[in-house]
Amino acid sequence: MRRLVSVRNRVPHFGSESLRWPRRAVTATAAPSPMHQEPATLMEPRGAVAESLGAADLIKVPEMSSSRLRKISQAAAAEGASLDLWNAVAKRCEETADSLNYWDAVHILQSFTEASVANESLLLCLAEALSAKTSKMATKHVLDLLAVYEAADLRPRALYVELLHSIVRLSRSMYAEEVALTLQALARYNIGNPTVIAQLMRTVASEIKEFRLRYLCATTGALGVLRACPPELLKMLNQRARFEVDTINVQELLDNIQAFPQLEYSWQPYEDLCLEEFMARVAKFRTAEDVDQLVDPFEGLLFLHSRNKLDAGYLRALCQWLLKGVHRPNVRSERRPTSKQLVMLYDFCFEHGIEEEPALQDTLAYFIESGGGIWPERYAEPLRYKKKRKYIRTDDPLKDVELPPLDEDGVVVAEEVKTSRAESIYGEESPRVVASHGKKPSGPSPLLEDPEDTLVYRIKARSRKGIRPRNRDPLRKRDFNKQTVPGPMWYYGSWAMRPKYQPGRSLGPRYPWPRVPVGPRGASWVLRR
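Please read these numbers as outputs of a predicted model, since none were measured by experiment.

*Asks:* What should I look at first to understand the overall build of the protein chain in this one?
*Replies:* Regarding its fold elements, the protein chain presents 21 helices and four strands. For the protein chain, buried positions account for 37% of its 529 residues. When contacts within the protein chain are restricted to residue pairs at least 6 apart in sequence, those whose partners lie at least 24 apart make up 73%. Element-wise, carbon and sulfur atoms account for 54% of the exposed surface of the protein chain, whose accessible area totals about 34,400 Å².

Right under this line is the structure:
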């Protein structure tokens, strides 16, 4: 094994300004650290708990299994450990390199890298052992190994060949996110193997329908860094990006715009396309239903303000949404504005000269009147009597207080009194009819001369249905639920004479009923034709 130093020159290959270069170096574990020291060198273990994993664990290390080595290395990286413990773990891993589980070996190497412990002999020993286990690895393990060895500035030839073969083998079954992450890793480490890149490009072309907009940005940016994006593939990616922008909802457009700065590689034309579509849709917001497409409308408000694209149209639509929101119940399952959000919205409206918007004024007024949705909207209703319930007799506190009347919706009625339909037809002396919205009226009908006739009729002829007969055969079909005289015993036959069927099996297209014949006569009468 000879040591190969990776080339890390980041000189752009394209002259296009649409390619954005990496904003930060992303690896699976930690930042690269030079590992040119001999067997093991510790770069000042972090934390003051360096002796917490010491003598007691040091004695057990030579007998630990694969999973125990992984756990103790992760604990040592998280809490800090002495140099002797790291040397003991490295020695045990070298002795049992062939029997180590490949996922445990990956986590052990990540722990060494995270703790800035340089051990080149361990890396080379595990590289030789992992070369025979790459066929069992998933895409995540392959990317983690690339990150570990690139951080150590080592490229074992045999391991890298097997890892690249694994990428080619796994590319046919990768998700869109895995393809994007793999291309970004290859671009980050400047690994431009033509065979691997060509296979990943075939995967992108065949699974183009599975790529969302942010995966398209990351994939196109990584291919641009690798200088491996032919015009045919770029045209396909542009069409898919246009389709994604036209079909996804407003909230997903906003999520993509906010996620673009976190991508290591991206493609500026797709970002501009997404932003233009988002602004075009927001400009059409007029009603509360339009604003309701956003999970948090105030998040969109702050985003537009940060981009200096906030206008009065969005503020008016947001006022309509708030007017509807303050009338919703004050529970966690409903989206209601807070007092801080109302104050912030009023400040923005004042800056745009629309602080006298009627929807905004009504929202503020009702929010204050209802106490932020805490005060009830109507008077308390009396409890309905229930048997075996304990009641406490007390005086009515509102007995002598004249309360304003309430309408059907529980809102205080104005000075003008609404006349019912019965009063308009039969005059003022006719009995009052209470609106019931589909329910039975509690008072007598105005068409009866004597109001007591209704009560007498209800006593004589009860409105409640009687008990339904339950003497039907449960095995008989409901269509034949009539009361018929049962036939003789020989007509039904015994249990041994009837054909048996398992419930749920299909009896073919000629079977006239959808259910299985399990009646008294079985299928002999059904299949008589």
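Having seen the model, we can carry on.
*Asks:* Got a minute to help me understand a nonpolar patch on the surface in this structure?
*Replies:* A cluster of nonpolar side chains, namely Leu383, Tyr385 and Tyr391, defines an oily patch on the protein surface of about 420 Å² accessible area. As for its placement among the helices and strands, Tyr391 is situated in the loop between α18 (358-369) and α19 (421-426). With relative accessibility at 41%, the residue Tyr391 sits in the partly exposed group.

*Asks:* Sorry, what's going on with the packing of helix α2 (residues 66-79) against helix α3 (residues 83-95) here?
*Replies:* Axes are the key here: two packed helices are described by the angle between their axes and the distance separating the axes. In the contact formed by α2 and α3, the axes pass within 11 Å of each other and the chain directions differ by 155 degrees. Taken together, the axis directions place α2 and α3 in an arrangement best described as roughly antiparallel. In terms of crossing hand, the pair formed by α2 and α3 is left-handed. Between α2 and α3, the residues in contact are Leu69, Ile72, Ser73, Ala76 and Ala77 and Leu85, Trp86, Val89, Arg92 and Cys93, respectively. A per-class count over the contact of α2 with α3 returns eight nonpolar, one polar and one charged.

*Asks:* I would appreciate a short explanation of the environment of Ala90 in the present structure.
*Replies:* Position of Ala90 relative to the elements: it lies in helix α3. Setting aside its immediate chain neighbours within four residues, Ala90 contacts Phe112, Asn119 and Leu122.

*Asks:* Sorry, what's going on with the environment of Asn256 here?
*Replies:* On the secondary structure map, Asn256 appears in helix α12 (residues 250-259). C-alpha separation for the pair Asn256 and Leu275, spaced 19 residues apart in sequence, amounts to 9.2 Å. Not counting the four nearest positions on each side in its chain, Asn256 is found in contact with Leu213, Arg214, Ile248 and Cys274.

*Asks:* Looking at this structure, I do not really get helix α11 (residues 231-247). What am I missing?
*Replies:* Helical periodicity: at 3.6 residues per turn, an α-helix aligns residues three or four positions apart in one direction. Between its first and last C-alpha, α11 extends 24 Å over 17 residues, near the 24 Å set by a 1.5 Å rise per residue. Here α11 has its buried residues at Leu233, Leu237, Arg240, Ala241, Glu244 and Val245. All buried residues of α11 project into a common sector of 135 degrees when viewed along the axis, lining one side. In α11, the exposed positions that point more than 90 degrees away from the buried face belong to Pro231, Glu232 and Lys235. Elements in contact with the buried residues of α11: α9 (194-206), α10 (213-226), α12 and α13 (268-282).

*Asks:* Just checking my understanding: could you explain the packing of helix α6 (residues 139-151) against helix α7 (residues 157-170) for this structure?
*Replies:* Following both chains from N to C, one finds α6 and α7 inclined at 150 degrees, their axes separated by 10 Å at the closest point. Taken together, the axes of α6 and α7 are roughly antiparallel relative to one another. As α6 packs across α7, the resulting crossing turns out to be left-handed. Mapping the contact onto sequence places Thr139, Val142, Leu145, Leu146, Tyr149 and Glu150 in α6 and Leu159, Tyr160, Leu163, Ser166, Ile167 and Leu170 in α7. By residue class, the composition of the contact of α6 with α7 is nine nonpolar, two polar and one charged.

*Asks:* How should the nonpolar core be read in this particular structure?
*Replies:* The biggest cluster of nonpolar side chains holds 116 residues, and the ones touching the most others in it are Leu146, Tyr149, Phe278, Tyr314 and Leu345. Of the residues forming this core, the biggest block, eight residues, is contributed by helix α16 (residues 312-325). With residues near it in sequence (within four places) discarded, Tyr314 still touches Val282, Phe285, Leu294, Pro297, Gly300, Leu301 and Leu304.

*Asks:* Is there a simple way to think about the side chain of Thr134 in this case?
*Replies:* Within the secondary structure, Thr134 is located in the loop between α5 (120-130) and α6. If near-sequence neighbours (up to four positions away) are discounted, Thr134 is found in contact with Leu159, Glu162, Leu163, Ser166 and Arg169.

*Asks:* How should I be thinking about the confidence of the model for the protein chain in this particular structure?
*Replies:* It should be kept in mind that the predicted coordinates are not to be read in detail where pLDDT is low. Here the protein chain averages 76 in pLDDT, and 65% of its residues register 70 or above. Across the protein chain, the element-wise mean pLDDT spans from 38 in strand β1 (residues 19-20) up to 95 in α13. Note that pLDDT drops below 50 for residues 1-51; the model gives that stretch 112 contacts with residues more than four away or on any other chain. Below pLDDT 50 for its whole length, residues 451-463 participates in seven contacts with residues either more than four positions away or in separate chains.

*Asks:* Where do I start with the packing of aromatic side chains in this structure?
*Replies:* Both the distance between ring centres and the angle between the ring planes are used here to describe each pair of aromatic rings. For the structure on display, the rule yields four aromatic pairs. With 4.8 Å between their ring centres and 70 degrees between their planes, Trp86 and Phe112 make a pair best called edge-to-face. Here Trp86 is found in helix α3, whereas its partner Phe112 is found in helix α4 (residues 102-114), with 26 residues between them in sequence. Side by side, Trp86 and Phe112 carry an identical accessibility label, which is buried. Considering the side-chain rings of Tyr102 and Trp103, the 5.0 Å spacing of their centres and the 80 degrees angle between planes classify their relative orientation as edge-to-face. Judged by relative accessible area, Tyr102 falls into the buried class, the value being 14%. The exposure class assigned to Trp103 is partly exposed, which follows from its relative accessible area of 38%.

*Asks:* Where do I start with the pattern of salt bridges in this structure?
*Replies:* Between side chains of opposite charge, a pair can form when the charged atoms approach closely. Summed over the entire model, instances satisfying the criterion amount to 14 salt bridges. Close ionic contact of Arg242 with Glu277 constitutes a salt bridge, the shortest N to O distance being 3.6 Å. Of this pair, Arg242 sits in helix α11 while Glu277 sits in helix α13, and the two are 35 residues apart along the sequence. Since its relative accessible area comes to 33%, Arg242 is described here as partly exposed. The class of Glu277 is buried, set by a relative accessible area of 17%. Via salt bridges that share partners, Arg212, Arg240, Glu244 and Glu252 belong to a single interconnected network.

*Asks:* I tried to follow unusual backbone geometry on my own but got confused; where do I start?
*Replies:* Backbone geometry at Ser116 places phi at a positive 60 degrees, although glycine is not the residue there. With respect to the helices, strands and loops of the structure, Ser116 is situated in the loop between α4 and β3 (117-118). A positive phi angle, near 60 degrees, is found at Asn190, a position not held by glycine. Within the secondary structure, Asn190 sits in the loop between α8 (176-188) and α9.

Conventions and cut-offs
Residues numbered from 1 in each chain as written. Predicted model: local features only at pLDDT ≥ 70, side-chain atom pairs only at ≥ 80, totals over all residues. Heavy atoms only, no water. Helix = DSSP H or I, 4+ residues; strand = E, 2+ residues; numbered from the N terminus. Buried < 20%, exposed > 50% of the residue type's maximum accessible area, 1.4 Å probe, protein only. Contact = heavy atoms within 4.5 Å. Areas by Shrake-Rupley, 256 points an atom, 1.4 Å probe, with all protein chains shown as cover. Patch = residues over 30% accessible without salt bridge, like charges linked within 9 Å, V, L, I, M, F, W, Y side chains within 5 Å. Salt bridge = Lys/Arg side-chain N within 4 Å of Asp/Glu carboxyl O. Axes fitted to C-alpha atoms, helices over the stretch in contact; angles between N-to-C directions. Parallel < 35°, antiparallel > 145°, perpendicular 65-115°, else oblique. Left-handed = near helix turned anticlockwise from the far one by under 90°. Nonpolar A, V, L, I, M, F, W, Y, C, P; charged D, E, K, R; others polar. Expected span 1.5 Å × (residues − 1). Arc of directions from axis to C-beta. Core = buried A, V, L, I, M, F, W, Y, C linked by side-chain atoms within 4.5 Å. pLDDT = per-residue confidence, 0-100. Phe/Tyr/Trp six-rings, centres within 6.5 Å; stacked < 30°, edge-to-face > 60°.

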